[in-house]
Amino acid sequence: MADLLCFGEAMVEFNQTRAGGPYVQGFGGDTSNVAIAAARQGASAGCIGATGADVFGDLLHELWRSEGVDAGNVARRAQAPTGIYFVTHGAEGHVFTYRRAGSAASLVTPQDLPRAALEQARILHVSAISQAISASACDAVFEAIDIVRAAGGRVSYDTNLRLKLWPLARARAIVAETAAMADIVLPGLDDARLLTGLDTPEDIVAHYLGAGAKQVALTLGAEGVLYADAHGLTRIAPHSVAAVDATGAGDAFDGAFLAECLAGADGVSAARHANAAAALAVCGYGAVAPLPQRADVVAFLERGSLPAERRS
């Protein structure tokens, strides 16, 4: 059984490498990306959920097999498709176009959950997208959280916001309720501002700590990361890299952070490592292909990075 279980929708990606250029087939789905990112950092990681019994589902299961991600608890549904999406790039950054309505993952219910695997997981990772794809999937996320917490495991939550999937008012209510049940909250700054109505990073991390999280790692894009726990706040400086595609940066951060936590690292060290992994992940196209191996992250950090400054 995997130490880290990631619950959500895995998808096949078609990423346009330049405006008007060809599409490169890849993979996505935030929680699947996190599982792969964590596995590349040396963690025991697995996915739960569902794919279609189709060619795209075959591709995903082969991907997980090749990455050492346990997909034994991902169901195959003959009557529902695997979701796909397209990524285009322009002056405003990357744009996502989804074909996921009625997907196999969106049909998951609480009754479909692999209870035994959840009871043995050390960390369950879910995201707001896991909840936004359907009402039954949202119910299943809450049930999975209850199972893991009752068994003594920890819950990690990325507040990843997709307003094409649900209205902001519902997102705010669901995310607030879920964050209050999570041990680790992993928001991005832009999403967190919309979800909380707060502006400064310091106020946002204080909000999630106050709601019950024990660890909060707020990614700030080009400004690095703000990590917070009961000991105080730590600002982690950004890395200067030749960025070409930020599609999987947040997932790279989440996976590396959780892998380091599972390996026994303290929160600041885990956030520093994850910050470097995310920087490396934006140097290639797609959500999965650029996710770095642990040795690459360690070597990158050893070449030199600015120290974190902690303040209470």
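The structure under discussion appears in the preceding block.
Remember, predicted model here, so these are calculated numbers, not experimental data.

K.L.:
Please explain the layout of surface pockets as it appears in this structure.
P.N.:
Taken as a whole, the largest pocket spans an internal volume of roughly 1400 Å³. In this structure, the largest pocket is lined by 46 residues; those nearest its centre are H94, A246, T247, A249 and G250. Those elements giving two or more residues to the lining of the largest pocket turn out to be helix 1 (30–40), strand 7 (93–99), helix 7 (189–196), strand 11 (215–219), helix 9 (249–262) and helix 10 (267–281). It is helix 9 that provides the largest number of residues to the lining of the largest pocket, a total of 5 residues. The residue inventory of the lining of the largest pocket, partitioned by class, reads 24 nonpolar, 13 polar and 9 charged.

K.L.:
Is there a simple way to explain the side chain of D251 in this structure?
P.N.:
Positionally, D251 belongs in helix 9. In this structure D251 is buried but unpaired, with R162 as the nearest side chain of opposite charge at 6.8 Å. Every residue in contact with D251, bar those within four places of it in the chain, is listed here: D30, N33, V34, A37 and N160.

K.L.:
I'm lost on the environment of T88 in this one. Help?
P.N.:
Take T88: it is sitting in strand 6 (residues 84–90). Taking the C-alpha atoms as reference points, T88 and A39, 49 residues apart in sequence, are found 28 Å from one another.

K.L.:
Quick question: what am I supposed to make of the nonpolar core here?
P.N.:
Nonpolar side chains in soluble globular proteins generally cluster together in the buried interior. L4, W64, F253 and F257 are the most contacted members of the largest nonpolar core, which has 51 residues in total. With 10 residues, helix 10 is the largest single contributor of residues to this core. Non-local contacts of F253, meaning those with residues more than four positions away in its chain, are made with L186, A217, T219, V225, A271, A274, N275 and A278. Within the second largest apolar cluster, 48 residues are counted, among which are A121, Y157, I204 and L220.

K.L.:
Would you mind showing me how to read the environment of A39 here?
P.N.:
Looking at the secondary structure, you find A39 in helix 1. Looking at A39, the relative accessible area reads 16%, which means it is buried. Note: C-alpha distance between A39 and E67 (28 residues apart in sequence) is 7.0 Å. In contact with A39, not counting residues within four places along its chain, are A45, E67 and V69.

Conventions adopted
- Residues numbered from 1 in each chain as written.
- Predicted model: local features only at pLDDT ≥ 70, side-chain atom pairs only at ≥ 80, totals over all residues.
- Heavy atoms only, no water.
- 1 Å grid on protein atoms, 1.4 Å probe; cavity = no way out; pocket = protein on both sides within 12 Å on 5 of 7 lines; lining within 4 Å.
- Points joined across faces, edges and corners; volume = space filled by probe spheres on them.
- Helix = DSSP H or I, 4+ residues; strand = E, 2+ residues; numbered from the N terminus.
- Nonpolar A, V, L, I, M, F, W, Y, C, P; charged D, E, K, R; others polar.
- Buried < 20%, exposed > 50% of the residue type's maximum accessible area, 1.4 Å probe, protein only.
- Lys, Arg positive; Asp, Glu negative; His and termini not counted.
- Salt bridge = Lys/Arg side-chain N within 4 Å of Asp/Glu carboxyl O.
- Contact = heavy atoms within 4.5 Å.
- Core = buried A, V, L, I, M, F, W, Y, C linked by side-chain atoms within 4.5 Å.

By themselves, these observations are geometric and do not establish any function.
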